[in-house]
Amino acid sequence: TVLFIALLVGTLGFIPAPYHGRGEGVVEPGLIETVYAGTDGFIQTVLPSASVVETDGGDLVTTTNVELEIERRRLLAERGLYEAYYRQARSSEPAQAQIVQAQIQAVSEQIDRVNEKLTALKIQPGMNGVWFSEQADRLAGTYVQQGQPIGLLADTEKLLIRVTTNQFVGPQIMDDSGEGSMVQMRVRGRPEVMVQGKVVKVLKAARRELPSAALGYAGGGSIAVDSQDDQGTLATEPFFEVQIEPVMDGDSAETLYAGQRIVARFDLPNTPLLTQWWLAIRQVIQQRF
């Protein structure tokens, strides 16, 4: 009996066994660019949301500004008048001609600035991707100011998975299986598909703002969120975020798309089973009490 108990304790308490940590995440475009209004004006046309765009394609948004067009015509007329003065004074009054020439230069600079604003009335995509705008069908005819956000441009060819881990798994990932390590993942609702990924970044500080409301209770996720938060993205407990780049080959290239929820399994250093059970009990006690 003593030998059996000693063998059992020795097996469970001293022989390292595989140890894993888990986290739930959401798939996002690898690059998201906010599109802002280039200058003040009234929006004429807006590309429908969820449209696939290319840099050499059409405009995302076209805007008009009558005041800018009038200002440009006024400046062109003013420059033409100064040029006529310059031609008259160039031979008879050289000193006055230099003054007029400086005035022509100043007006030309103003025209260049107005031309830049007129060019900014047409917003073109800065990269290939998908155009998103929540109010695309209601923006036509509205007035926007320079710098006002209009929509988003997302590169869906490169995906990024933002995984949340609890306060027990997160620090172990930073210490033992950090950036560059491989991770196994499965898609929520399709557990038969295994996806591989590589950790590209581990945020060093805990946070409470979820990457997506889909990870919280309200969105069907497993993370408790603050009931007072209307957005459903404020977690009740801090968590650590791990960013993973999926290895897009085979089934994963056809399976992953932005908005999906996944479950990631991190390989932690082998630990005896008794230690693992003790850690699990401590975690439950700390979470509940």
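None of these values were measured; they are calculated from a predicted model.

Thoughts on the overall build of the protein chain
So, step 1. Of regular secondary structure, the protein chain possesses six helices and 13 strands.
So, step 2. Expressed as a percentage of its 289 residues, the buried residues of the protein chain come to 36%.
So, step 3. Restricting to contacts in the protein chain with at least 6 residues of sequence separation, those with at least 24 account for 78%.
So, step 4. Surface summary for the protein chain: the accessible area is close to 17200 Å², and the carbon and sulfur share equals 52%.

Let's talk about the environment of phenylalanine 42
So, step 1. In this fold, phenylalanine 42 is placed in strand S2 (residues 41-46).
So, step 2. Considering only alpha carbons, one finds phenylalanine 42 and isoleucine 262, 220 residues apart in sequence, at a separation of 42 Å.
So, step 3. Apart from the residues within four sequence positions on either side, phenylalanine 42 is in contact with Thr62, Thr63, Thr64, Gly141, Thr142 and Tyr143.

Let's talk about helix H3 (residues 94-119)
So, step 1. Look at H3: 37 Å from first C-alpha to last across 26 residues, which is about the 38 Å you get at 1.5 Å a residue.
So, step 2. Within H3, burial applies to Ala97, Val100, Ile104, Val107, Ser108, Ile111 and Val114.
So, step 3. Taken together, the buried residues of H3 touch helix H2 (66-92).

Remarks on a nonpolar patch on the surface
So, step 1. A surface patch of nonpolar side chains, about 740 Å² in accessible area, is lined by Phe4, Ile5, Leu8, Val9, Phe14, Leu274 and Trp277.
So, step 2. Listing elements by their share of the nonpolar patch, those giving two or more residues are helix H1 (2-14) and helix H6 (273-288).
So, step 3. Tallying contributions element by element places H1 first for the nonpolar patch, with five residues.
So, step 4. With respect to the secondary-structure elements, tryptophan 277 resides in helix H6.
So, step 5. Residue class for tryptophan 277 comes out partly exposed when judged on its relative accessible area of 44%.

Notes on the sheet that holds S2
So, step 1. Here four strands make up an open sheet; going across it, the order is S5-S4-S2-S7 and the pairing antiparallel. The strands lining the two open edges of the sheet, one partner per strand, are strand S5 (122-123) and strand S7 (143-144).
So, step 2. For strand S4 (residues 61-64) and S5, the ladder comprises two bridges, and the chain directions are antiparallel. From the neighbouring strand, valine 61 faces S5, where its bridge partner is isoleucine 123.

Regarding the pattern of salt bridges
So, step 1. Going through the model one piece at a time under the given rule, you end up with nine salt bridges.
So, step 2. Glutamate 83 is paired through a salt bridge with arginine 79; the nearest N and O atoms lie 4.0 Å apart. Placement of both glutamate 83 and arginine 79 in helix H2 is noted, with a separation of four residues, approximately one turn of the helix.
So, step 3. We classify glutamate 83 as partly exposed; its relative accessible area is 31%.
So, step 4. Taking the shortest distance from any N to any O, the salt bridge between aspartate 137 and arginine 138 comes out at 3.9 Å.
So, step 5. Via salt bridges that share partners, Glu28, Arg162, Arg207 and Glu241 belong to a single interconnected network.

Considerations on the pairing of strand S6 (residues 129-132)
So, step 1. Direction of pairing for strand S3 (residues 51-53) relative to S6: antiparallel, over a ladder of three bridges. Residue pairing across strands places serine 51 opposite tryptophan 131, the latter belonging to S6.

With respect to the environment of glycine 220
So, step 1. Mapped onto the elements of the fold, glycine 220 is located in the loop between strand S11 (207-209) and strand S12 (234-246).
So, step 2. Using a relative accessible area of 47% as the deciding quantity, one classes glycine 220 as partly exposed.
So, step 3. Sequence-wise, glycine 220 and arginine 261 are 41 residues apart; in three dimensions their C-alpha atoms are separated by 9.8 Å.
So, step 4. Beyond its immediate chain neighbours, meaning those up to four positions away, glycine 220 contacts Ala214 and Arg261.

What counts as what
- Throughout this document, residue positions are counted from 1 along each chain, in the order its sequence is written.
- Local features are withheld for residues below a pLDDT of 70 in this predicted model, meaning they are given only at 70 or higher, and side-chain atom pairs are given and counted only at 80 or more; totals for whole chains, interfaces and linings count all residues.
- Hydrogens and water are ignored here; the side-chain numbers use all heavy atoms of the structure.
- Where helices and strands are cited, they refer to DSSP runs of H or I of at least four residues and of E of at least two residues respectively, numbered from the N terminus.
- Exposure is judged per residue with a 1.4 Å probe applied to protein chains only, and the accessible area is read against the type maximum: over 50% gives exposed, under 20% gives buried, and values in between give partly exposed.
- Contacts are assigned to residue pairs with any non-hydrogen atoms lying within 4.5 Å of each other.
- For accessible areas, the Shrake-Rupley method is used with a probe of radius 1.4 Å. Any residue's cover is judged against the shown protein chains and nothing else.
- Working rule for helices: expected span equals 1.5 Å times residues minus one.
- Patch membership needs two things, relative accessible area over 30% and no salt bridge, and members are linked within 9 Å if like-charged or within 5 Å if nonpolar (Val, Leu, Ile, Met, Phe, Trp, Tyr).
- Salt bridges are identified by distance alone: a Lys or Arg side-chain nitrogen within 4 Å of an Asp or Glu carboxyl oxygen.
- The criterion for strand pairing is that DSSP finds at least two bridges linking the strands in question.

Treat this as a map of the structure, not an account of what it does.
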